[in-house]
Amino acid sequence: MSVQTPNLEPKGIQGLGKPIKRKEDARFIVGKGTYLDDINLPGMLYMALVHSPYAHAKILNIDASEALKIPGVKAVITAKDLAAAGLSWIPTLAGDKQMVLADGKVLYQYQEVAAVFAETRQAAADGAAAVQVEYEPLPVVVDPYKATDPDAPVLREDIKDKMEGAHGPRRHHNHIWNWSVGSKEETEKALAQSEVRIKQHMVYPRSHPAPLEPCGCIGDMNKATGRLTVYMTTQAPHAIRTVLSLVTGIPENNIRVISPDIGGGFGNKVPVYPGYVCAIVGSIVLGAPVKWVETRTENLTTTGFARDFHMDIEIGATKDGKVTAMKVYTLADHGAFDAAADPSKYPAGLFSICTGSYDFQKAYAEVDAVYTNKAPGGVAYRCSFRVTEASYLIERSMDVLAHELKMDPAELRLKNFIRPEQFPYPSALGWTYDSGDYEKTLKVALERIGYYELRKEQAEKRARGELMGIGISTFTEIVGAGPSKDFDILGIKMFDGAEIRVHPSGSAIVRAGTRHQGQGHETTWAQIVSEELGLDVDKIIVEEGDTDTAPYGLGTYASRSTPTAGGAMALAARRIREKAKKIAAHLLEVSENDVEWVDKKFVVKGVPSKSVTMNEVAFAAYTNPPPGLEPGLETTYYYDPPNLTFPHGAYVCVVDIDKGTGEVKVRRFVAIDDCGTIINPMIVEGQVHGGLTEGFAIAFMQEIAFDEQGNHLASNFTDYLLPTALETPRWETGHTVTPSPHHPLGAKGVGESPTVGSPAAFVNAVVDALAHLGVRHIDMPITREKVWRILRQSGIDSF
Amino acid sequence: MEITLNINGTEKKLNVEPRTLLVQAIRDAGLTGTHIGCDSSSCGVCTVVLDGKTAVKSCTMFAVQAEGHSITTIEGLAQGDKLHPLQQAFHDQHGLQCGYCTPGMIMAAYVLLQHNPNPSEEEIRFGLSGNLCRCTGYQNIVKAVQQAAQMLQQPTGAAADD
Amino acid sequence: MKLEYSGQEKVQAEPEKVWRFVQDPHKVASCLPDLKAVEIKDEKNLVATVGVAVGPVRGTFKFNIELDPRPEENKMLVRLRGGGLGSAVDLTASANIIGQDDQTTLLDWSGVANVSGPAATVGGRVLDAQAKRLIETVFANMGQKMAEV
């Protein structure tokens, strides 16, 4: 019987490719997970925040006197109090800075204005409601295209005269940066010479990851020891510790960040939010632990939004459908502060993967970012830094091109794919794709769904006046940031660490700098170690999220855990195996050169009967180490990946549209993913299901919208619609395997592929169903109302 | 004010404000398996079972309204070390990822199977449509409920083949 | 969320009475529905605390109200700013005070309100109807009370 998981079956040695059940389930299925709000400390105070009702306003006065009269309210802090501690503004991940509490003005609706600390959460909430704030409303910028009008109001008074930003010159007081890649001149020339050209404008709307567990934090300053312990819903505890040390001046050794079980992250739990800072400051000032847990409204209105890319694309091709060049211009709405979570060198993330799976000889992409009166963010929502926008853009555009050429969208793709023999493939925008077999993956998907029969069915239905569409997306992702030569966040290189300690009895504890939020690391890391060392999966415990114990790492987001920490874990295990081999040679009384690792055992070459297991070696490492060899069996490995990984996939979607209501029904959805080597196929499939569902949500439901005054129109789950079991389609999944040539296990990462790749498949299917009505593009979310209006405008009868 | 709640068969005396929601009272009583995910009774992560037969979102009830009723939470489902078939099935079918929605989802499924011991996929999807999940896409949750339905119909409680 | 309303209220009183009424902040305040408290700062400024319910957003709002009578233009201006429960309201209203032949007065009013925060976002679906009812009630109360004086 296993001690860790009393309720579950024992597993034994289980390496790569095994669909073993998850070790972490044991606590979750009985309600014994420990999420942030489950942690209560003695003498703990609660914090509630006061928010601005205005999207843009001067603050004339803040009166906390009524709040302080409420029994249990201990203190109210504003920007003035934070300024005394040097914490009224904090640096953002993108080289900008942001207010912690509104400093003189508010720049978006629901911005944090004051923090109230009290003995109970009720008193804190009552206190926040009693704080009186006097505002003078200012003109609001909602439309990013109007942000840089000559007469647009100044949003950021603090930098209005500072025309050199973190990413180069700014050309207007609301302009943040301009970024471009590729040769504009050569691309324009190639476009001008192209026989066919298409142009399309498309918006990837503002969205929000909305994990079911909101963000939260407990600051716990121990004045006796000078140590600050911070419990935080963070996907990147080590980076948070470093940032906290930099902004508070507390030495890093005196800060311990603990990221407990996380109820979903999806990028939402990467940045540092004002609430965290206030709870920590509150604890330092009041000398007691302070807990802050967001309300859902706070989550949706103030923390890390995603997307909001307004894109224009132009593609050139020959008459027979060979693409020649692409040019992209994007306007990025970053809200009031540039807090986008991107690697420092890449202000538009990895958007330059926008050439996708196709062999574009010439390409140029340019992005301008602007300030508006909206919450800051720009997080990688189940996405590797703007890869979602890029994939949607190219996959949607390929359908627009196919329509223009009157070509089948599958045929157009097959004609333009990067071919297997072209890898490693240098893209026109500067990436080196590691591996892929796009044609194979698409053909598997087409076969599985019965593509050509569906096209026949569609033709018949169209003749009868019925609406049916088929959408394809053959995306390529770029994940696993990243190699230290190019990738850092605030100067910290994006490598990751793994530590393995093998105990004398053959069990082990392994730790990583990543932090899972449902991805199953407690199982997959154990599988990697089981594979590499031949230890029982149940005897390997995985620990992440405590900066006092885990090796440094930049965390779990952007599908980077397996490409980075997974590589570190494999290489740490191999380093252990190198040492273990010396001990095995000692036990087998042969030279090290005569020992080989076969079937998860050390065997004397040519004498299969003479062998020792890793359990025996582990015992010897502590009881009978070879003379002259350092005893013990543990190591830490920091893995700096040589390149990113490029997972890809082929998705095909079939929709039927109700002519009367505009309702789109997803009849089938086939997703064939290629994420290289698969560690646990059950977990990979689960990730794909979840990612497809989020892609579905973005395509049809989720949108963070604003009215003209900057009122947030999706501030709770009755306005920000998430799919339930009822509307979520049934997913059909499969995979091809093209290992990454440079990753120690050949793995590429999968958590985000489905969210990245699927929106274009849904939209392509809907547009395909309506193409004969002259429809060429519909912006997401494709609501029933949008489709209904198109149908009515097209004069389609309801029945 | 002082109230007594019967949670998982144990009487708990609690001191609550009249406005305290049932979910908060349950959590303050130390049973943190029941979660909070929204302010609008939309997400269902706080679902508990009232009087053994009704699934309620415990954020839609005041603690004082629950006095005199019995409440079952996720912590009250297993019999000692023996998991309830739903718990076993969620594990077997990979019906959970981050685990945050899982307790509410299992409690909603518990009541669903009481009312309909052999539900179709559509009925399961409809029955769980008050509970949101952001990780799984629901597909494995549906499979888990189907497995649990089978297990509950076999008196031995033997796990179904997967 | 921007809301615009207009309407007419016929008052059974002469314009002189109406002018006396609207220049008395106590009397104006008494026309606010569900008034919880009022503080008269001077003859043109008052602070009123009013019970408000917009869908699920319920509680008290505190408003600074400025009365700006302009008899020479036969016009009364009212500016209101305030809020509560994290919401804010900015309202500008004007009423043309027109004497009628039959010893009565016509209040020809219009108002523009900007509502922000949960009252607009959460209460948005019912806000328009609620706000319209609120403003109509204010003028109806005025019409009634002016006639009583």
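None of these values were measured; they are calculated from a predicted model. (Residues numbered from 1 in each chain as written. Chains lettered and ligands numbered in written order. Predicted model: local features only at pLDDT ≥ 70, side-chain atom pairs only at ≥ 80, totals over all residues.)

1. What to know about the overall build of chain B
Then comes step 1: Each helix and strand in chain B was counted, giving five helices and five strands.
Then comes step 2: A compact globule built from 162 residues would reach a C-alpha radius of gyration of about 15 Å, and chain B, at 15 Å, matches this within 12%.
Then comes step 3: Based on the C-alpha atoms only, the size of chain B along its principal axes is roughly 50 × 30 × 25 Å.
Then comes step 4: Among the 162 residues that make up chain B, the fraction classed as buried is 59%.
Then comes step 5: In chain B, once contacts between residues fewer than 6 apart in sequence are set aside, the share between residues at least 24 apart is 59%. (Helix = DSSP H or I, 4+ residues; strand = E, 2+ residues; numbered from the N terminus. Rg over C-alpha atoms; globule rule 2.2 N^0.38 Å. Buried ≥ 20, exposed ≤ 12 C-beta atoms within 10 Å, placed from the backbone. Contact = placed C-beta atoms within 7 Å.)

2. Considerations on the overall build of chain C
Then comes step 1: Counting secondary structure elements, chain C contains four helices and seven strands.
Then comes step 2: At 15 Å, chain C has a C-alpha radius of gyration in line with the 15 Å of a compact globule built from 149 residues.
Then comes step 3: Across chain C, every contact between residues at least 6 apart in sequence was considered, and the portion connecting residues at least 24 apart equals 53%.

3. Describing the interface of chain B and chain A
Then comes step 1: Of the residues lining the interface, 45 residues belong to chain B; the matching set on chain A comes to 46 residues.
Then comes step 2: Tallied by class, the residues present in the side of chain B that touches chain A amount to 20 nonpolar, 18 polar and seven charged. (Nonpolar A, V, L, I, M, F, W, Y, C, P; charged D, E, K, R; others polar.)

4. As for the environment of C:Thr92
Residues and elements named next belong to chain C.
Then comes step 1: Secondary-structure assignment places Thr-92 in strand S6 (residues 87-99).
Then comes step 2: Residue Thr-92 is classed as partly exposed on the basis of its 16 C-beta neighbours within 10 Å.
Then comes step 3: Sequence separation between Thr-92 and Asp-102 is 10 residues; the distance between their C-alpha atoms is 30 Å.
Then comes step 4: Once residues within four sequence positions are removed from consideration, Thr-92 is found in contact with Arg-79, Gly-111 and Val-112.

5. What to know about the sheet that holds strand S32 (residues 648-657) of chain A
Residues and elements named next belong to chain A.
Then comes step 1: Spatially, S22-S32-S33-S34 is the arrangement adopted by the four strands of the open sheet, whose pairing is mixed. The open sheet has two free edges, formed respectively by strand S22 (467-473) and strand S34 (732-735), since each of these has just one partner strand. Each adjacent strand pair in this sheet contributes to an overall mean axis angle of 10 degrees, direction not counted.
Then comes step 2: By the bridge criterion, four bridges tie strand S33 (residues 664-674) to S34 in an arrangement that is parallel. Note that in S34 the partner of Ala-671 across the bridge is Thr-733.
Then comes step 3: Set on the sheet, helix H11 (residues 438-449) makes contact with S32, S33 and S34; between it and S32 the angle comes to about 30 degrees. (Pairing = 2+ DSSP bridges. Axes fitted to C-alpha atoms, helices over the stretch in contact; angles between N-to-C directions.)

6. Thoughts on the nonpolar core
Taken as a class, soluble globular proteins show a tendency for nonpolar side chains to be buried jointly.
Then comes step 1: Of all hydrophobic cores here, the largest spans 346 residues; its most connected members are A:Met47, A:Val116, A:Val529, A:Met569 and B:Ala109.
Then comes step 2: Sorting elements by how many residues they give to this core places helix H14 (residues 561-588) of chain A first, with 11 residues.
Then comes step 3: Once you skip the residues sitting within four places of it in the chain, A:Val116 turns out to touch A:Met47, A:Ala48, A:Val50, A:Ala67, A:Val73, A:Val76, A:Ala124, A:Gly127, A:Ala128 and A:Val131. (Core = buried A, V, L, I, M, F, W, Y, C linked by C-beta atoms within 7 Å.)

7. A word on the interface of chain C and chain A
Then comes step 1: Each partner contributes residues to the interface: chain C has 14 residues there, and chain A has 14 residues.
Then comes step 2: Taken together, the elements giving at least two residues each to the side of chain C that touches chain A come down to S6, strand S7 (105-116) and helix H3 (118-121) of chain C.
Then comes step 3: Here the side of chain C that touches chain A takes three residues from S6(C), the largest share from any one element.
Then comes step 4: For the side of chain C that touches chain A, the residue count by class is five nonpolar, seven polar and two charged.

8. Some points on unusual backbone geometry
Most peptide bonds are trans, and most residues other than glycine sit at a negative phi.
All names here are of chain A.
Then comes step 1: Omega for the bond connecting Ala-481 with Gly-482 falls within 30 degrees of zero, at -25 degrees, which places this linkage in the cis form.
Then comes step 2: Inspection of the secondary structure assignment puts Gly-482 in the loop between S22 and strand S23 (488-489).
Then comes step 3: Backbone torsion omega between Met-780 and Pro-781 reads -10 degrees, so that peptide bond is classified as cis.
Then comes step 4: Along the chain, the position of Pro-781 falls in the loop between helix H17 (753-770) and helix H18 (784-793).
Then comes step 5: Its identity as a non-glycine residue notwithstanding, Phe-385 has a phi of 50 degrees, on the positive side.
Then comes step 6: In this fold, Phe-385 is placed in the loop between strand S19 (362-370) and helix H9 (387-405).

9. Considerations on the confidence of the model for chain C
Residue and element names in this part refer to chain C.
Then comes step 1: Confidence in the prediction of chain C, expressed as mean pLDDT, is 89, and 99% of residues score 70 or more.
Then comes step 2: Within chain C, H3 has the poorest average pLDDT of any element, 80, and strand S2 (residues 35-40) the best, 93.
Then comes step 3: In the model output, the complex is listed with pTM 0.95 alongside ipTM 0.97. (pLDDT = per-residue confidence, 0-100.)

10. A word on the sheet that holds strand S17 (residues 306-317) of chain A
Sheet strands line up and pair through hydrogen bonds in the backbone, either parallel or antiparallel.
Residues and elements named next belong to chain A.
Then comes step 1: Taking strand neighbours across the sheet as the criterion, the five strands line up as S11-S19-S18-S17-S12 in an open arrangement whose pairing is mixed. Two strands close off the open sheet at either side, each with one partner strand: strand S11 (175-182) and strand S12 (196-207). Within this sheet the neighbouring strands show an average axis-to-axis angle of 10 degrees, counted without direction.
Then comes step 2: Here S17 pairs with strand S18 (residues 323-333) via nine bridges, running antiparallel. Bridge pairing in S18 links His-310 to Leu-331.

11. Re the pairing of strand S3 (residues 47-50) of chain B
Residues and elements named next belong to chain B.
Then comes step 1: Two strands pair when backbone bridges link them, and S3 and strand S4 (residues 54-57) are joined in this way by four bridges, in the antiparallel orientation. Bridge pairing links Val-49 to Ala-55 in S4.
Then comes step 2: Once S3 ends, the chain turns through three residues before running back antiparallel as S4, passing Asp-51 with a positive phi of about 55 degrees.
Then comes step 3: The pairing of S3 with strand S5 (residues 70-72) spans two bridges and is classified as antiparallel. Within the sheet, the bridge partner assigned to Leu-50 lies in S5 and is Ile-71.

12. Structural notes on the environment of A:Gly316
Residue and element names in this part refer to chain A.
Then comes step 1: Structurally, Gly-316 can be placed in strand S17.
Then comes step 2: A tally of 24 C-beta atoms within 10 Å means that Gly-316 is categorised as buried.
Then comes step 3: Once you skip the residues sitting within four places of it in the chain, Gly-316 turns out to touch Ala-190, Leu-191, Ser-194, Arg-197, Thr-324 and Ala-325.

13. A look at the domain arrangement of chain B
All names here are of chain B.
Then comes step 1: In terms of domain boundaries, chain B breaks down into domain 1 (2-75) and domain 2 (85-153).
Then comes step 2: Distance from the C-alpha centre of domain 1 to the C-alpha centre of domain 2: 21 Å.
Then comes step 3: Contact with domain 1, which involves 16 residues of that partner, is made by 13 residues of domain 2.
Then comes step 4: Elements represented by at least two residues in the side of domain 1 that touches domain 2 include exactly S3 and S4.
Then comes step 5: When residues in the side of domain 1 that touches domain 2 are grouped by element, the largest group, three residues, is from S3.
Then comes step 6: Of the residues that constitute the side of domain 1 that touches domain 2, the class distribution is seven nonpolar, eight polar and one charged. (Domains from an automatic or database assignment.)

14. A word on the packing of H9(A) against H17(A)
All names here are of chain A.
Then comes step 1: Their axes nearest at 8 Å, the elements H9 and H17 cross at an angle of 30 degrees. Compared by their axis directions, H9 and H17 come out roughly parallel. Where H9 crosses over H17, the handedness of that crossing is right-handed. Contacts between H9 and H17 involve Val-387, Thr-388, Ser-391, Tyr-392, Glu-395, Arg-396 and Asp-399 from the first element and Thr-755, Val-756, Gly-757, Pro-759, Ala-760, Val-763, Asn-764 and Val-767 from the second.
Then comes step 2: Across the contact of H9 with H17, the residue classes break down as seven nonpolar, five polar and three charged. (Parallel < 35°, antiparallel > 145°, perpendicular 65-115°, else oblique. Left-handed = near helix turned anticlockwise from the far one by under 90°.)

15. Side note on the packing of helix H13 (residues 521-533) of chain A against H14(A)
Residues and elements named next belong to chain A.
Then comes step 1: The geometry of H13 relative to H14 is characterised by a closest axis approach of 9 Å and an angle of 35 degrees between their N-to-C directions. Helix-helix and strand crossings are classified by hand; for H13 and H14 the assignment is right-handed. When H13 is examined against H14, the residues His-521, Trp-525, Ile-528, Val-529, Glu-532 and Leu-533 are found in contact with a partner set consisting of Ser-561, Gly-566, Met-569, Ala-570, Ala-573, Arg-574, Ile-576 and Arg-577.
Then comes step 2: Of the residues in the contact of H13 with H14, the class split is eight nonpolar, three polar and three charged.

16. Topic: the environment of A:Glu421
All names here are of chain A.
Then comes step 1: Its location among the elements puts Glu-421 in the loop between helix H10 (409-416) and strand S20 (425-426).
Then comes step 2: Since 6 C-beta atoms lie within 10 Å of it, Glu-421 is described here as exposed.
Then comes step 3: Considering only alpha carbons, one finds Glu-421 and Gly-95, 326 residues apart in sequence, at a separation of 40 Å.

17. Details of helix H6 (residues 237-248) of chain A
Residue and element names in this part refer to chain A.
Then comes step 1: Compared with an ideal rise of 1.5 Å per residue, which puts 12 residues at 16 Å, H6 spans 16 Å between its outermost C-alpha atoms and is within 8% of the ideal.
Then comes step 2: Burial analysis of H6 places nine of its 12 residues in the buried class, which makes it a mostly covered element.
Then comes step 3: Of all the positions in H6, only Pro-237, His-238, Ala-239, Ile-240, Arg-241, Thr-242, Val-243, Leu-244 and Thr-248 are classed as buried.
Then comes step 4: If you follow the buried residues of H6, they end up packed against strand S14 (227-232), strand S15 (255-258), S23 and strand S24 (492-493).
Then comes step 5: Directly after H6, the chain includes Gly-249, whose backbone phi takes a positive value near 80 degrees. (Expected span 1.5 Å × (residues − 1).)

18. Side note on the confidence of the model for chain B
Then comes step 1: Looking at chain B, pLDDT values average 94 and 95% of them are 70 or higher.
Then comes step 2: Confidence over residues 157-162 of chain B falls short of pLDDT 50; this stretch has 10 contacts with residues more than four positions distant or in other chains.

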